[in-house]
Amino acid sequence: MALNGIQIFKMTPKKNCKECGCPTCMAFSMKVAQGAMDISACPHMSDDALASLSEATAPPMKTIKVGTGDAEYTLGGETVLFRHEKTFVSKTRYAVNVCTGMDDAMIDDVLEGAKKVDYERIGERMHVEMLNVNYHAESGADKYVATVKKAAELGKTLILGCKDVEVAKAALEVCKDAKPVLNGADASNYEAMSALATEAGVVLGVTGADINEIYDTVAALEKLGNKNLIIDAGVKSIKEAFATAVQVRRAAIKDEDRTFGYPSIVNVAALAPKDPYMQAALASLFTMKYGSIVIMSEMTYAEALPIYGLRQNVFTDPQKPMKVEPGIYPINGGDENSVCLTTVDFALTYYVVSGELERSGVPCNLCISDAGGLSVLTAWAAGKLSSGSISKFITEEVEPKIKSRKLVIPGKVAVLKGDLEAKLPGWEIIIAPREAVQLVKFLKDLTA
Amino acid sequence: MLINRIFSGNDAVYGLTEGAIDQAIAQHGAEKAVGFPNTAYCLPCYYAVTGVKVKTLQELKEALGVVKTLMTRNHELDDALMSGVATALCAEFIEALKYIDGATPYEEPCYGHLADAIIRELGVPLVTGDIPGVAVILGAAPTAQEGVDLVKSYQAQGILVTLVGGIIDQCKELGLNMGYGVRIVPLGYDVTSVIHVVSVAIRAALIFGNVTPGDAGGLLTYTSQRVPAFVNAFKPIDDVILAAGAGAIKLGFPVISNETENIVEVPGALIAQPDVSKFNATSLEARNIKIKITKIDIPVAFASAFEGEIIRRGDMQVEFDGSRVDCFELVQSKDASEIEDHKIEVIGPDFDEFEVGSKQSIGYIVEVAGKNMQSDFEPVFERKFHSYINCIEGIMHTGQRDMIRVRVSKDAYAAGFRAKHIGEVLYAKIKNEFEAVVDKCQVKIYTNAEDCTKLRHELAIPAFDKRDDRLSNLTDESVDVYYSCILCQAFSPSHVCVVTPERLGLCGAVSWLDAKATNELDPAGPCQVITKEKPIDESLGSYEDVNEAVKKFSQGALEKVTLYSIMQDPMTSCGCFECICGIEPFSNGVIIANREYSGMTPLGMTFPELASMTGGGVQTPGFMGHGKHFISSKKFMKAEGGVERIVWMPKELKETVADRLNETAKELYGIENFTDMIGDETIAEDPETLVAFLTEKGHPALNLEPMM
Amino acid sequence: MPFNQKPQKFNASINTVEIGCGDKAIKLGGESVFPFYTFDGPIDNAPKVGVEISDMGLEGATPEMLAYYGEGASFADMAKKAAAMEGADFVCLKLEGGDPNGEDKPIEDLLAVVKEVGEAIDTPLVVEGCKNVEKDSELLPKVAEALQGKNVLILSAREENYKAVGAAAGLAYSQKVGAESAVDINLAKQLNVVTTQLGVDAKSIVMNVGSAAVGYGYEYVVSTMDRIKGAALSQDDAMLQMPIITPVADEAWSVKEAMASEADMPEWGSQERRGVTMEIMTAAASLAAGSNAVLLKHPQSVKTIANMIKELV
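Residues numbered from 1 in each chain as written. Chains lettered and ligands numbered in written order. Predicted model: local features only at pLDDT ≥ 70, side-chain atom pairs only at ≥ 80, totals over all residues. Heavy atoms only, no water.

Below, the discussion takes up the packing of aromatic side chains. A complete count under the given rule lists 38 aromatic pairs over all chains for this structure. Aromatic pair Phe320 of chain B and Phe354 of chain B: ring centres 6.1 Å apart, planes at 80°, arrangement edge-to-face. Highlighted residues: Phe320 of chain B in strand E7 (residues 316-321) and Phe354 of chain B in the loop between strand E9 (344-347) and strand E10 (358-360), separated in sequence by 34 residues. Between the aromatic rings of Tyr364 of chain B and Phe385 of chain B, the centroid separation amounts to 6.3 Å while the plane-to-plane angle is 40°, which identifies the pairing as tilted. Of the two residues, Tyr364 of chain B is situated in strand E11 (residues 362-369) and Phe385 of chain B in helix H12 (residues 378-390); the sequence distance between them amounts to 21 residues. For the pair shown, Tyr364 of chain B and Phe385 of chain B are each scored as buried. A connected cluster of aromatic rings, assembled from ring pairs, spans Phe82, Phe242 and Phe286 of chain A together with Phe10, Phe34, Phe36, Tyr37 and Phe39 of chain C. Sitting over the face of the ring of Phe9 of chain A, Lys14 of chain A holds its NZ or CZ atom 5.8 Å from the ring centroid. The ring of Phe630 of chain B has Arg503 of chain B lying over it, and the distance from NZ or CZ to the ring centre is 5.1 Å. (Phe/Tyr/Trp six-rings, centres within 6.5 Å; stacked < 30°, edge-to-face > 60°. Helix = DSSP H or I, 4+ residues; strand = E, 2+ residues; numbered from the N terminus. Buried < 20%, exposed > 50% of the residue type's maximum accessible area, 1.4 Å probe, protein only. Lys NZ or Arg CZ within 6 Å of the ring centre and 35° of its normal.)

See below:
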């Protein structure tokens, strides 16, 4: 069982020396209990305490790092099976697949294609983070190394899908500094692969004929001292890959079986070859259920827009709602003469409201002030959406840019109208309906 | 006497039925088919009561034998009521015989038997309350006008009106538009035709109540609880009508009559009301029918869009200002007999008599009555007045109790808004929103300065004082139940607040009284009753029942909580808490940080840091979210010694709670000015400085047992 | 030492609700494991895919959908084509034209469409109202009446109109009742409680616990469904054991990603394909979270999702 902060605190030296970086031993203990800090950060812990705490506070699932620099990603480290229990901490990462079985032109196409998707959504850069370079034996080692080299130029983290130890070794020579994943160990080659991965300092991917073989191989690798692993859920069938991905994660977190306490790779490109629609469905499925890396044949905007949206939703803190940046968002070609509407910066509210505004076809400006990321009524109750906060935003940000002096406020805070009229002389304050779905008709009537 | 009359009426109808069946058999033969058109339930009443389907005259004859067994003649009320049922079944038999050979015994405007399809269609609005009741009017009113007025009064309320006998001709005489579409259904002239509305109620029980045919008990329960029907029978009431009425009563339908001769009232069942104009009110009250108010009768608009409207001095027709003159608003619960529903009285001059822009007195008392009304709900209703009155276009309201200010704009006045309209709004909103507990409501509006002064001091202030006393005397020990609150589970899935009188919800917004009212008004809603019958450790505040409730409402995420400890199974926090308290190990105490405080605490954690580890419905021993009000509670971490553990609070918070906290500390420990011993950010933001301060002040926590 | 498999078997199960009649009738729910966890126990009734058609005909249909249905198709034709779509288990008729804030079609007109569709196919049918609570409380009881004997699912009874819709569909005309609430486990439960208190059999209720397109607050949908399935199975909460139906098409096709034209967003590529992947990914996520049925509209989505279900169960 995990220890709580008080239990950990009891074992600390209680000196408040601040050497761990926390102001007090209590603050440090609480952070360790949350899994936010490691117990070893305390330099004054007795060996006994350290030994018993390390075991008890060790996370059920290891945190594995791949890549370097901007392309460094953290995988695993999850503590729960469902996002409502606690935030999922390590996002699913998406890789595009190239295989040396493809001809050169095709390889170039795929690599070129992997660069295309790159955009920002609610403050997060969305792009293909990884490339899977699959080894096709008939095409030979040289082509593989050449392809790896070419792929490495994109600056994305590589996954080397290669079970041939010699070929892998050659490939690692050209890319190991960028910390790729060497996804090639199984029951037949794990010792050599492990040695190779350890020497190169890279994460090793492990797979097997079935979940039991994977388990045994991981156990054997751990015995060799290699705990820098990722588990490949396999490509035998969709059903089995799903069963493996779910059971690996569940064993680690629910049953505290540390052997399966590693992140996972799911290769949907191989599970549904040449069927981009099925791959889309599977990418979504494995984003929901426990894929740490998902490999796809391609990532066009058609796949990217929904999958990155899903990921952004699933990997949010259930306590902290997503926020949009305060600012003026013109909709339907709204300009300085278009009517202004205001609401909170809670992302869900923003999306619902902006969606309805778009449907109305009426040019307008959606003015979002900082309301602490709360919904309208919650923000109002918490004092984060008040006549003061709105009028300040309008006078400072909106008035210099917008000529229209019509401001529509959410129906749920109709109570602010009088105060706003007093604080915003010259503005006509209009009450919107209480529900966003009524906005379309309301706006059409308003501007009719 | 009443019972004998019923027996005699029943015997008469039985005799008629027997004769009619025998004659029909003689005419058509025993195998002749018998039944009503467009129903799958044969003779629905008989089928529902016995589970037997009657299809031929022979079977009808046998059924009559069964009916005979109901006609026991002990001189008891129940025998009389069963004879009433027997009378109804006989009526059904007689009516069925009329339909032999596909005959159409009823013609315009009478309907006679109603098809199953109509019942399926009627059942839905009956279930939703769109048809709030079913009136059965029998006989002829003293005058046609009185009869039609009664019918129209029901029609205006959306009640389905069925007519039997002379009332039909009275309606025809005055040209009343009748028919199923306008919810006025003449059944027939014979008293036996009343069975067609009974048949509607009974088939509704079979279709909508899943009552099994033959389950007479289930049937009677359904009709009495779920079919809001009642009977208005005009005099003279003969024995046959009385016997049929007994059947209605057995089904749970009260009978209201203007007959006063040879009749004995049965409370709630057979009611004498000599004044026909009061039939409507008497009937609705007897059957507990509540009419939804869909439109508030005022000359200006009513909408939440007007809630924030500000009426400036220059736009003001008149102002009632509780800070200058005597004003008040008050809800009082009364006995039902003291209230005439929807009576709105204005006592004193109306707005017309006030000088434009002047300050005047006003006092309005909303009197309510209801079987489930409790005086604890009075402040809950009263707190809504502000929003109700503000939603009126052109009216502004601030404050509460006897510190209110109401402004009426010139525009509203010009549109015809007067004092009584305030009453209309309060009446309509209270009746609609608190339908579950308010049966009757009337409003008195006083505009005389003398009245307002007198009532404010003699009625309102004592009432407010009494309430405050009740609140301050309300302790966890003095109540039998607590309430759960899961309003914030949307954000904090496994969190459950246990709301007790001394520990309001940690958001600070839900008191025990609020939770109680929420539960009464919305029984399936977010606040549920938690019993406290199985204590485990009362000093910790742990109860088996509380644990069970917490487990249930958190969907198993939490196993147990204590009410008064922050160390052992502390209550969880959602995320909307006003404050967090956390253990400060170096002083044996706790610090408290409130949401508004943005600085550092001596724990080395800021409010957001503390919040991130205590929120989300997770139990974090040593840390707990709570409301500001809870800080001065005698139950605040009682298990660890109570408020004397508090060693640090942000200055602003300390000042807010100082008076009440000092009072508690004095009462519990005899410490004067306890807050002077408590640190704040101007004194210390780290544990060492804090402990030095506490030592200097001699803070009691330093000498208490260690908390861990 | 081999992997110690610890199946999560629950003593509780999701209710089985049958929709439709005869050979083509479908069963929703019945499982006592989490979605697609066939390694824990059998899932007898795989999740089902419904194809949406609308009383607005092919208004707003994509080129591929137009090609599939054929321009000017009658409602009966559309219903037949929808039923024949590869992967379709049932058909869902949406009466969106009834919305007073939109076309505001009279109830009689809508009933004519309902009857036409009801007569055209023997595939199980779901009928969805116009979503305006007042109009639906008039419209849906009439729909339930018009389709007597067909054992259809009526969407939806909501907090504001569950009495009218629930009483008509669940009691008067013995259809199945869809109980719709807004992405909150407690609201969902509360609606089930009051609907059953009305007399509607808990086993005649299918829940729509709310939906969104992925990227649009979808985390609430995920957590609501995760928690409902958790409470239903591990807590044996009878008021949350109703199977879940999720309208996906409505949400997926009305977000910017699916609606922006290629002219406006040239770098985004084919609009149709964007809509399809949005629909597919939203449907796959909904099924992973616990939907027992999804409502889709594009033939490619229907085919792909049906295939995915087949592969997983």
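Here we come to the sheet that holds E10 of chain B. Residues and elements named next belong to chain B. Sheet architecture is open: four strands sit in the order E10-E7-E13-E12, paired in mixed fashion. Two strands close off the open sheet at either side, each with one partner strand: E10 and strand E12 (395-398). The average undirected angle you get between the axes of adjacent strands in this sheet is 20°. Taken together, the three bridges between E7 and E10 define a ladder with parallel strand orientation. For Phe320, the partnering residue across the bridge sits in E10 and is Gln360. (Pairing = 2+ DSSP bridges. Axes fitted to C-alpha atoms, helices over the stretch in contact; angles between N-to-C directions.)

Turning our attention to the interface of chain C and chain B. Across the boundary between the two partners, chain C contributes 22 residues, which contact 22 residues of chain B. Of the roughly 1,800 Å² buried between chain C and chain B, counting both surfaces, carbon and sulfur atoms make up 53%. Our count for the contact surface shared by chain C and chain B stands at seven residue pairs in polar contact (both at pLDDT 80 or more). Counting only elements with at least two residues in the side of chain C that touches chain B, the list comes to helix H5 (162-172), helix H6 (185-197) and helix H7 (218-234) of chain C. A breakdown of the residues in the side of chain C that touches chain B according to their chemical character gives 13 nonpolar, six polar and three charged. (Contact = heavy atoms within 4.5 Å. Buried area = accessible area lost by both parts, 1.4 Å probe. Polar contact = N/O pair within 3.5 Å; in protein donor to acceptor, adjacent residues only side chain to side chain. Nonpolar A, V, L, I, M, F, W, Y, C, P; charged D, E, K, R; others polar.)

So, on to the domain arrangement of chain A. Taken domain by domain, chain A consists of domain 1 (5-57), domain 2 (63-314) and domain 3 (327-447). A C-alpha centroid distance of 44 Å is found between domain 2 of chain A and domain 3 of chain A. (Domains from an automatic or database assignment.)

Bringing the interface of chain C and chain A into the picture now. When the parts of a complex come together, some accessible area is lost, and that lost area is often used as the size of the interface. Every contact between the two is made by 49 residues of chain C and, on the other side, 51 residues of chain A. Between chain C and chain A, a total of about 4,700 Å² is buried, with carbon and sulfur atoms accounting for 66% of that surface. A per-residue breakdown of the area chain C buries against chain A is headed by Phe3, Arg273 and Met281 of chain C, which together make up 17% of the total. Put simply, chain C and chain A have three salt bridges between them. Glu298 of chain A is the salt-bridge partner of Arg273 of chain C, the closest N and O atoms lying 3.6 Å from each other. (Salt bridge = Lys/Arg side-chain N within 4 Å of Asp/Glu carboxyl O.)

Here we come to the pattern of salt bridges. Following the criterion strictly, the structure yields 73 salt bridges over all chains and no others. One salt bridge in this structure joins Glu319 of chain B and Arg405 of chain B, with 3.8 Å as the shortest N-O distance. Residue Glu319 of chain B is located in strand E7, and its partner Arg405 of chain B is located in strand E13 (residues 405-409); the two are separated by 86 residues in the primary sequence. Classification of Glu319 of chain B by relative accessible area gives buried; the value is 0%. The closest approach of N and O atoms between Lys189 of chain C and Asp237 of chain C, which form a salt bridge, is 2.7 Å. Taken together, the residues Lys189 of chain C in helix H6 and Asp237 of chain C in the loop between H7 and strand E9 (245-247) connect sequence positions 48 residues apart. In this structure, Lys189 of chain C and Asp237 of chain C share a single accessibility class: buried. Connected through salt bridges with shared partners, the residues Glu52, Lys94, Glu96, Glu128, Lys131 and Asp250 of chain C form a single ionic network.

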